[in-house]
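Chain by chain, the residues:
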Amino acid sequence: MSDDYASTIIGSLKSIKLAAFRVADKLDAKADDLAETIRNSISGSSWFPSPRNTPPPPTLSPARLPPSTVYTRLGRWAWENRLAVGIVTCTTLGLSSYVFTQRHVARVRSRKRRAKRAANGARKEVIVLAGSPHDPVTKSLAQDLGRRGFIVFVVVNSMDDEQLVLSLGCRDIRPLNIDLLDTVGAEASVSRFEAYLNFPVTAFQGAHPHHLHLAGMVLVPDSYYPTGPIEMISADVWSDVLNLRLISPFITTKLFIRLLRAHQSRLLVLTPSITHSLSPSFHAPETVAVAALDSFTTSLRRELRPLHVDVSQIKLGTFDLSVVLGKQHLQAANGARADLISWPSSVRGAYGRLYAAQEGKRPVKGSPLRELHHAVFDALVGEDRQGKMVRVGGGSLVYDLIARFAPDSVVEWMLNGGKGEEVPVARFGGSDGSGSEGSVDWEKIDRVG
């Protein structure tokens, strides 16, 4: 019974829904007819203004693209392959720069470096070389400058040094005896040398006399400095370092400044750079002396530049002295062992192994001396008259950069040969270095060296 009522109610609702949809459709149709009638009546009447017929917007014709050229296609291809193009470009620029640099260096090396001569072909340029004649660098520079046409005077202060200079076998390499300990005598020697420069010189019979010209002066440092722990460097050693490595070049420069000003000559100061840059252990005298020479050169350059005297500094690296290095290595090893024997046992135990390892190393083969010869000649007679600093020799620039920018631990690691911190030898047999334990430890030190 209830199901019949429900079906009856649902059927009635569907009938009502269909009837509502029919009424709505008829209302929509009547509304459309009424709207169409009103629109026709208004459009046909004369009193209603006609709508403005706006012209349609003009159709834009497609822009004419320029014809594709070779450059356009190349640019498009380069942009699509920009990574490969960048690599090829960088490689090409690098190779071009390398080739240009090598050609420039070859052209500079191949050009002849000769001193100016007088009108009659005689030598007229004079160089004063202030350095120990026993030093191989001083002898090499004297011989090279003599071959290039200079008259070279090597400053000496003893008869042995004078005979050594005369034994070089070149009449244009001459000794200039100046005793720095005798102030009056040294000034008199410089005055005689000045008179020699001002006196007209006749090269040969019938030649027109000419005057000599002081081209410059070269200060060559001593290549040997005492080494050892600071607590073992006596006051006498420090006094010798100050007198021979500092006071001597200072006084020598002072004596010749008046001549340098009169001839508007150039002054070259050669200083070692590697030890000064790294400041290794057991090399305090050399580090202190070279630092003082650097400051002295800088101050002197600023004093003499307004007087048209150029002061240049050449910082030296390592050079190939293969003829001398073998003997020097043996002397260095024997000297290190002799120094260790002379130390007290407590000092040997604290510093022995590290000192023997550093001082017993065989020197590294450096740059050829020809590079130093060229640098000295260019600094003496080059067109650039502004005093400057030049680095020559193996490691002169690299070690300076390492010391400036690398951490101190890295520098110490390099100085210790890449082995980290050295463990010092703690046992030696007796204060005189004798005994069985001492000999065993000496064998260990010899193997380290």
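First, a word on scope: everything that follows refers to the structure included in this document. (Residues numbered from 1 in each chain as written. Predicted model: local features only at pLDDT ≥ 70, side-chain atom pairs only at ≥ 80, totals over all residues. Heavy atoms only, no water.)

Structural notes on the overall build of the protein
To keep things clear, this is the line we draw: A run of H or I in DSSP counts as a helix once it spans at least four residues, and a run of E counts as a strand once it spans at least two, with each numbered from the N terminus. Throughout, a residue-residue contact means that at least one pair of heavy atoms, one from each residue, lies within 4.5 Å. Each accessible area is a Shrake-Rupley estimate made with a 1.4 Å probe; only the visible protein chains count as cover when residues are assessed.
Tallying secondary structure elements over the protein gives 15 helices and seven strands in all. Counting only contacts in the protein whose residues sit at least 6 apart along the sequence, the fraction spanning at least 24 positions is 72%. Carbon and sulfur atoms provide 59% of the accessible area of the protein, an area that totals close to 28,100 Å².

Thoughts on the packing of helix α7 (residues 235-263) against helix α9 (residues 284-304)
Here is the rule: Every axis in this analysis is a line fitted to C-alpha atoms, fitted for helices over the stretch in contact. Angles between the N-to-C directions lie between 0 and 180 degrees. To sort the angles, those under 35 degrees are grouped as roughly parallel, those over 145 as roughly antiparallel, those from 65 to 115 as roughly perpendicular, and the leftovers as oblique. The handedness criterion is simple: a crossing whose near helix is rotated anticlockwise from the far helix by less than a right angle is left-handed, and one whose near helix is rotated clockwise is right-handed.
Packing of α7 against α9 brings their axes to within 10 Å, and their N-to-C directions diverge by 15 degrees. The angle between the axes of α7 and α9 places the two elements in the roughly parallel class. Seen along the crossing, α7 lies across α9 with a hand that is right-handed. Here Trp238, Val241, Arg245, Leu246, Pro249, Phe250, Thr253 and Ile257 of α7 come into contact with α9, specifically with Ala284, Pro285, Val288, Ala289, Ala292, Leu293, Phe296, Leu300 and Leu304.

Quick notes on the pairing of strand β5 (residues 266-272)
Quick note on the threshold: Note on exposure labels: buried denotes an accessible area under 20% of the residue type's maximum, exposed denotes more than 50%, and partly exposed covers the range between, all computed with a 1.4 Å probe on protein chains only. Here, any two strands with at least 2 DSSP bridges between them count as paired.
The buried fraction of β5 amounts to seven of the seven residues, a majority that puts the element mostly inside the structure. What you see with β5 is no split at all: Arg266, Leu268, Leu270 and Pro272 on one side and Leu267, Val269 and Thr271 on the other are buried throughout. As paired strands, strand β4 (residues 213-219) and β5 are joined by four bridges and run parallel to one another. Bridging from a neighbouring strand, Leu219 pairs with Val269 of β5. As paired strands, β5 and strand β6 (residues 310-316) are joined by seven bridges and run parallel to one another. Directly across from Leu270, in β6, lies its bridge partner Ile314.

A word on helix α12 (residues 369-381)
Filter applied, for reference: The length a helix should cover is 1.5 Å for every residue beyond the first.
With 13 residues, α12 ought to run about 18 Å at 1.5 Å a step, and its terminal C-alpha atoms sit 19 Å apart, in line with that. For α12, every residue scored as buried is listed here: Leu369, Leu372, His373, His374, Ala375, Val376, Phe377, Ala379 and Leu380. Where α12 is buried, its residues touch β1 (125-130), α4 (136-147), β4, β5, β6 and β7 (389-392).

Some words on empty space enclosed by the protein
Note the cut-off: In this analysis a 1.4 Å probe is tested at points of a 1 Å grid over the protein atoms alone, and where it fits but cannot get out there is a cavity; an open set with protein on both sides within 12 Å along at least five of seven lines is a pocket; lining residues have an atom within 4 Å of a point. Grid points are joined across faces, edges and corners, and a volume is the space filled by probe spheres set on the points. Each residue is assigned to one of three groups, with Ala, Val, Leu, Ile, Met, Phe, Trp, Tyr, Cys and Pro labelled nonpolar, Asp, Glu, Lys and Arg labelled charged, and all others, Gly among them, labelled polar.
Scanning the model with the defined rule gives one cavity of 30 Å³ or more in all. Along the walls of the largest cavity sit Pro133, Thr138, Lys139, Ala142, Val154, Val165 and Leu168, which together make up its complete lining. The biggest single contributor to the lining of the largest cavity is α4, with three residues. Residue classes in the lining of the largest cavity are distributed as five nonpolar, one polar and one charged.

Section: the side chain of Thr271
Which entries qualify depends on this criterion: Any N or O atom pair separated by 3.5 Å or less is treated as a polar contact, with the protein-specific requirement of one donor-capable and one acceptor-capable atom, and with residues adjacent in sequence counted only for side-chain atom pairs.
Inspection of the secondary structure assignment puts Thr271 in strand β5. Of the polar contacts made by the side chain of Thr271, one reaches the side chain of Gln313; its length is 3.0 Å. Apart from the residues within four sequence positions on either side, Thr271 is in contact with Pro221, Val290, Leu293, Asp294, Gln313, Ile314, Lys315 and Leu316.

Side note on a nonpolar patch on the surface
The condition is simple: Patch definition: residues above 30% relative accessible area lacking any salt bridge, with like charges linked at up to 9 Å and the nonpolar side chains Val, Leu, Ile, Met, Phe, Trp and Tyr linked at up to 5 Å. Whenever Lys or Arg places a side-chain nitrogen within 4 Å of a carboxyl oxygen from Asp or Glu, that contact is recorded as a salt bridge.
Taken together, the side chains of Leu242, Ile247 and Ile251 define a hydrophobic patch exposed on the protein surface, amounting to about 210 Å² of accessible area. Assignment of secondary structure puts Ile247 in helix α7. Residue Ile247 is classed as partly exposed on the basis of its relative accessible area of 36%.

Things to note about the pattern of salt bridges
Should their charged atoms come close, side chains of opposite charge can pair. Inspection of every chain in the model, using the stated rule, returns 11 salt bridges. We note a salt bridge from Glu194 to Arg258, for which the minimum N-O separation is 2.6 Å. Of the two residues, Glu194 sits in helix α6 (residues 183-198) while Arg258 sits in helix α7, which places them 64 residues apart along the sequence. We classify Arg258 as partly exposed; its relative accessible area is 40%. Connected via shared salt-bridge partners are Arg123, Asp172 and Arg174.

Remarks on unusual backbone geometry
A positive phi is found at Phe282, a non-glycine position, where the angle reads about 70 degrees. Phe282 gets classed as buried once you look at its relative accessible area, which sits at 8%. One non-glycine residue, His308, lies in positive phi territory at about 65 degrees.

Points about the nonpolar core
Our working definition: The nonpolar core is taken to be a set of buried Ala, Val, Leu, Ile, Met, Phe, Trp, Tyr and Cys residues, with the residues joined through side-chain atoms within 4.5 Å.
One finds Val218, Ile314 and Leu372 to be the most contacted residues of the largest nonpolar core, which totals 30 residues. Those elements that place two or more of their residues in this core are β1, α4, β2 (151-156), β4, β5, β6 and α12. Top contributing element to this core by residue count: α12, with seven residues. Dropping the residues within four chain positions of it, Val218 is found in contact with Ile127, Val128, Leu129, Ala130, Leu268, Leu270, Val376 and Leu380. The next biggest cluster of nonpolar side chains, apart from the first, holds 26 residues, and it includes Val128, Val190, Phe193 and Val311.

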